[in-house]
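Fold and geometry: a report
Next come the chains, spelled out residue by residue.
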Amino acid sequence: MSAGPRVGIRCDAGADSGVGHLVRCVALAEELRSRGARPVFLGAVRDSPWALAQLRERVLPLTPAPEPPAALAALARALRLDAVVLDSYRLPPGTGEELRRHGLPVLAVVDGDPLGQHADLYLDQNLGAERRPFPAGPVLAGARYVLLRDSVRRRARAPRRPDRVPEVLCFFGGTDAAGVAPAWAQALCATGVPFTATVVSPAPFAAGTPITVIPPTDRLPELMAAADLVVTAAGSAIWELLYLSVPTALSWVADNQLIGYDELVGRGVAAGLGRAPGPEAVAVLTRLLSDPAAREEHGRRGGGLVDGRGRERVADALLALIR
């Protein structure tokens, strides 16, 4: 039996850039491997032991990748890759074009703007992307193509008990690159409403009696499924929350998250907190903590938007490029 295709996945993760690109690429790698393909990650993981562990635990190889497009193409040839996935905001614009010039099919994972990358196929998994004009080539657009990890796909949301003190989960990506977790913990306390909370932060801080601060953890899908409310940013984790139908209150910490934030809040899928904690955000949190029906309505609206099979559809399209 011949070995399956070798697929290079070019992405980075770290304290300054977050881990969202790597997490969604891990989901695609899991799917590709289940079909006999051989994924290899090309890039760097900096200052995030948790992100590095995601690759190590799945035995997904990580190879340092050069920045110049010609050097990356040479590495791809040396590794005998059959296709390359690009998922980074920081790649030189000609990267995809150079890889294609050497006969390698390219899938570019984007969030709206392709940032000058030329690819055979694009993936924009953001909600509403299918309604927005795309400036480049063929695109897999919308929540139908969301990439979810095995640890999320096999989990179901725990039954709700509206009479209990609400359990809150607060996190901002795998690294909290913007350092906003302490401020949002203070905003929760400012509501004056009874709650208990788990705040995920790579940097420990004192948060007060109802809040437990923990480092980045593999238990995040479990914690999401058990939460009555999640406070987070409009990054890649939102798709996992939609799949689990968990009520969510959103902020945004980077400009590239604003499109997703506006779409989710505008459709009532999540409550909007704005960019930074303030009186209006505290008022929203107070309402959600005080009113189980109000917060559950957000979870209900989000339910069904992500069916968990997006990675299968993306893998179908990617492997078709190779064939």
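Here's what I pulled together on the structure shown here. Just so it is clear, the model here is predicted, and its values are computed rather than measured.

What counts, and where the lines are drawn
- Residues numbered from 1 in each chain as written.
- Predicted model: local features only at pLDDT ≥ 70, side-chain atom pairs only at ≥ 80, totals over all residues.
- Heavy atoms only, no water.
- Helix = DSSP H or I, 4+ residues; strand = E, 2+ residues; numbered from the N terminus.
- Buried < 20%, exposed > 50% of the residue type's maximum accessible area, 1.4 Å probe, protein only.
- Contact = heavy atoms within 4.5 Å.
- Pairing = 2+ DSSP bridges.
- Axes fitted to C-alpha atoms, helices over the stretch in contact; angles between N-to-C directions.
- Parallel < 35°, antiparallel > 145°, perpendicular 65-115°, else oblique.
- Nonpolar A, V, L, I, M, F, W, Y, C, P; charged D, E, K, R; others polar.

Some points on unusual backbone geometry
- Positioned with a positive phi, Leu115 is a non-glycine residue whose angle comes to about 55°.
- Looking at the element boundaries, Leu115 is found in the loop between strand S7 (106-109) and strand S8 (121-124).
- Residue Leu115 is classed as partly exposed on the basis of its relative accessible area, which comes to 36%.
- We note that Ser245 has phi near 60°; this positive angle belongs to a residue other than glycine.
- Tracing the chain through its elements places Ser245 in the loop between helix H8 (237-244) and strand S14 (248-251).
- Here Ser245 falls in the partly exposed class, since its relative accessible area comes to 24%.

Some words on the side chain of Arg10
- Residue placement: Arg10 occurs in strand S1 (residues 6-10).
- Among the residues examined, Arg10 registers a relative accessible area of 7% and is labelled buried.
- Other than its neighbours up to four places away in sequence, Arg10 contacts Leu42, Gly43, Ala65, Leu72, Val85, Leu86, Asp87, Ser88 and Leu91.

Regarding the sheet that holds strand S15 (residues 271-274)
- In spatial order, the strands read S12-S11-S10-S13-S14-S15; together these six strands make up an open sheet with parallel pairing. The open sheet is flanked by strand S12 (211-214) and S15, the only strands paired with a single partner. Averaged over neighbouring strand pairs, the angle between their axes works out to 20° when direction is ignored.
- The sheet strands contacting helix H6 (residues 181-190) are strand S10 (167-170), strand S11 (196-200), S12, strand S13 (229-233), S14 and S15, and the helix crosses S11 at an angle near 170°.
- Sitting on the sheet, helix H10 (residues 279-290) is in contact with S10, S13, S14 and S15, with an inclination near 150° to S15.

Regarding the packing of H10 against helix H11 (residues 292-302)
- For the pair H10 and H11, interaxial distance at closest approach is 5 Å and the crossing angle is 100°. Considered as vectors, H10 and H11 are oriented roughly perpendicular to each other. Counting all contacts with H10, which are made through Arg287, Leu288, Leu289 and Ser290, the residues of H11 involved are Pro292, Ala294, Arg295 and His298.
- Its residues assigned to classes, the contact of H10 with H11 shows four nonpolar, two polar and two charged.

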